Amino acid sequence: MNRLLGYIVTFLMLLCVFEGLLRIAGCGPKPVVVEFDAERGWANRKDVTVHRSDSEFATDYALNSHGMRGPETTVAKPAGKKRILFVGDSFTLGYTVDDDKSFVRVLERDLRADGHDVEALNGGTEGY
């Protein structure tokens, strides 16, 4: 009986070491920016920053207190400013690019350069 218990404990320890080696090699679980939502399926987590990398990209995600990618913003729209809310999937979120290179930020910069006082809100959500 003691010998069997010793084998089981040794096997479990080897599994833990193997998992640790896999995580060091970059094969661990990917960080998530979404959580299950009973009404919408998925919802962005709030106030979270994660780093994602792959063989093709490396980027940081910063979701604000409203669960949107981009700078912190108020609920009340500033007077005289127009807001554009972008909703969609990981493409809208800008899955493989830094925030300043997402199409939401590019469009916001272009509109501002044309003299429009706009604020673009990125409500993209992975899994939609």
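Residues numbered from 1 in each chain as written. Predicted model: local features only at pLDDT ≥ 70, side-chain atom pairs only at ≥ 80, totals over all residues. Heavy atoms only, no water.

**Structural notes on helix 3 (residues 103-113)**
All of the buried residues along helix 3 are Val 104, Arg 105 and Glu 108. Around the axis of helix 3, the buried residues are gathered within 95 degrees of arc, so they sit on the same side. Close packing links the buried residues of helix 3 with strand 5 (82-88), helix 2 (90-93) and strand 6 (118-124). Of the residues trailing helix 3, Gly 115 is marked for its positive phi of about 95 degrees. (Buried < 20%, exposed > 50% of the residue type's maximum accessible area, 1.4 Å probe, protein only. Helix = DSSP H or I, 4+ residues; strand = E, 2+ residues; numbered from the N terminus. Arc of directions from axis to C-beta. Contact = heavy atoms within 4.5 Å.)

**Some thoughts on the pairing of strand 3 (residues 48-53)**
Residues of strand 3 alternate between two faces, with Val 48, Val 50 and Arg 52 buried on one and Thr 49, His 51 and Ser 53 left unburied on the opposite face. Pairing of strand 3 with strand 4 (residues 58-63) involves six bridges; the strand directions are antiparallel. Residue Arg 52 lies in a different strand from strand 4, and its bridge partner there is Thr 59. Taken together, strand 3 and the strand that follows it, strand 4, pair antiparallel across an intervening segment of four residues. (Pairing = 2+ DSSP bridges.)

**Section: the environment of Glu 39**
Its location among the elements puts Glu 39 in the loop between strand 1 (34-37) and strand 2 (41-44). Its relative accessible area of 78% is what places Glu 39 among the exposed residues. Taking the C-alpha atoms as reference points, Glu 39 and Gly 28, eleven residues apart in sequence, are found 30 Å from one another.

None of this, on its own, says anything about what the molecule does.
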